Amino acid sequence: ISAVNVIDLEIGKELGFTMKLLAISKDDGKMTEARVHPAFLPTEHPLSGVKGSFNAVFIHGDNVDDVMLYGRGAGSLPTGSAIVSDIVFAGKNTNHRRFYFEENEDVGGDTFATDFSTEYYLRFVADEKGEGLNKITAMLLDNGVEVVKALTKGKDVIIITSKAKESVMQDLVSRIVKLAQVDCLGALIRIEK
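Residues numbered from 1 in each chain as written. Predicted model: local features only at pLDDT ≥ 70, side-chain atom pairs only at ≥ 80, totals over all residues. Heavy atoms only, no water.

A. Up close: the overall build of the protein chain. Assigned secondary structure in the protein chain consists of five helices and 10 strands. For a compact globule of 193 residues, the expected C-alpha radius of gyration is about 16 Å, and the protein chain comes in at 21 Å, more than 25% above that figure. Oriented by its inertia axes, the alpha-carbon framework of the protein chain measures out at about 70 × 40 × 30 Å. A burial count over the protein chain gives 33% of its 193 residues as buried. For the protein chain, the proportion of contacts with a sequence separation of at least 24, taken over those separated by at least 6, is 59%. Accessible surface, the protein chain as shown: approximately 12,400 Å² in total, 53% of it carbon and sulfur. Here the protein chain contributes 22 positive and 28 negative side-chain charges, whose respective centroids are spaced 5 Å apart. (Helix = DSSP H or I, 4+ residues; strand = E, 2+ residues; numbered from the N terminus. Rg over C-alpha atoms; globule rule 2.2 N^0.38 Å. Buried < 20%, exposed > 50% of the residue type's maximum accessible area, 1.4 Å probe, protein only. Contact = heavy atoms within 4.5 Å. Areas by Shrake-Rupley, 256 points an atom, 1.4 Å probe, with all protein chains shown as cover. Lys, Arg positive; Asp, Glu negative; His and termini not counted. Charge placed at Lys NZ, Arg CZ, Asp CG, Glu CD.)

Written out as structure tokens, the structure reads:
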């Protein structure tokens, strides 16, 4: 999160996004996706309002729709309480619980998804003539990534994409930064909804 630039927070706010550090887990019945990174959320999303020492868990279920658990998760008292609770639990129990995948030999390493799809916020530093914007959007479109929104601010080219695979986006970004009209990648931020 230390690599997040203030300019991206400001642009994100203008575009209707709030930055949050998210731990994301999704299960489609075959593969489990697990990742942690800063992400943009729409400002109206319930997690966007979580501030200060509060944490939240947002769950979407087939039968229950959306559920959010919210409460203090940081600060001296909640942290101290959690540590004491863990010490007492460890002292009282000699048999500790294991995750099912640690005990189940049938579960292979390929049950965790290493590639995922999401929307992206991209900011490139490019030439001021607009050629950078044209080349970047053309390269994205040529590779099946829809450009939902594109704008320029000085030398910055900002692009919001449709859903794309992480591997595809990483490959495209590595090729885009080699374009003569592009100086560097300013930001790649995933967008969650």
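There's plenty left to go through after this.
B. Expanded view of the environment of Pro78. With respect to the secondary-structure elements, Pro78 resides in helix H2 (residues 76-92). Residue classification places Pro78 among the partly exposed residues on the basis of a relative accessible area of 26%. Between the C-alpha atoms of Pro78 and Ser53, which are 25 residues apart in sequence, the distance is 9.3 Å. Discounting residues that sit within four places of it in the chain, Pro78 has contacts with Arg72 and Gly73.

C. Molecular detail of the pairing of strand S2 (residues 32-42). Within S2, nine of the 11 residues are buried, which leaves it mostly tucked inside the rest of the structure. In terms of strand pairing, strand S1 (residues 17-27) meets S2 through 11 bridges, oriented antiparallel. Within the sheet, the bridge partner assigned to Lys26 lies in S2 and is Glu33. Where S1 hands over to S2, the hairpin turn is made up of four residues, of which Gly29 adopts a positive phi near 95°. Of the pairings in the sheet, the one linking S2 to strand S5 (residues 112-113) comprises two bridges and is parallel in character. If you follow Thr32 over to S5, its bridge partner there is Phe112. Pairing of S2 with strand S10 (residues 182-191) involves two bridges; the strand directions are parallel. Among the inter-strand pairings, Ala39 is bridged to a residue of S10, identified as Arg190. (Pairing = 2+ DSSP bridges.)

D. Inspection of unusual backbone geometry at higher detail. Even without being glycine, Asp65 reaches a positive phi, approximately 65°. With respect to the helices and strands, Asp65 occurs in strand S4 (residues 65-72).

E. Up close: the pattern of salt bridges. With the rule as written, the count across this model stands at 10 salt bridges. Its salt-bridge partner being Arg123, residue Asp8 comes within 2.6 Å of it at the nearest N-O pair. Within this pair, whereas Asp8 is found in helix H1 (residues 6-14), its partner Arg123 is found in strand S6 (residues 117-126), the two being separated by 115 residues in sequence. Comparing Asp8 with Arg123, the two get one shared label, buried. Salt bridges linked by common partners bring Lys26, Glu33, Arg35 and Glu192 together as one network. (Salt bridge = Lys/Arg side-chain N within 4 Å of Asp/Glu carboxyl O.)

F. Expanded view of a nonpolar patch on the surface. On the surface, Val57, Ile59, Val64, Val67 and Leu69 cluster together into a nonpolar patch covering about 410 Å² of accessible area. Of all elements in the fold, only strand S3 (54-61) and S4 reach the threshold of two or more residues within the nonpolar patch. Examined against the element boundaries, Val64 turns out to sit in the loop between S3 and S4. Classification of Val64 by relative accessible area gives exposed; the value is 53%. (Patch = residues over 30% accessible without salt bridge, like charges linked within 9 Å, V, L, I, M, F, W, Y side chains within 5 Å.)

Any functional reading would require information beyond the geometric quantities listed.
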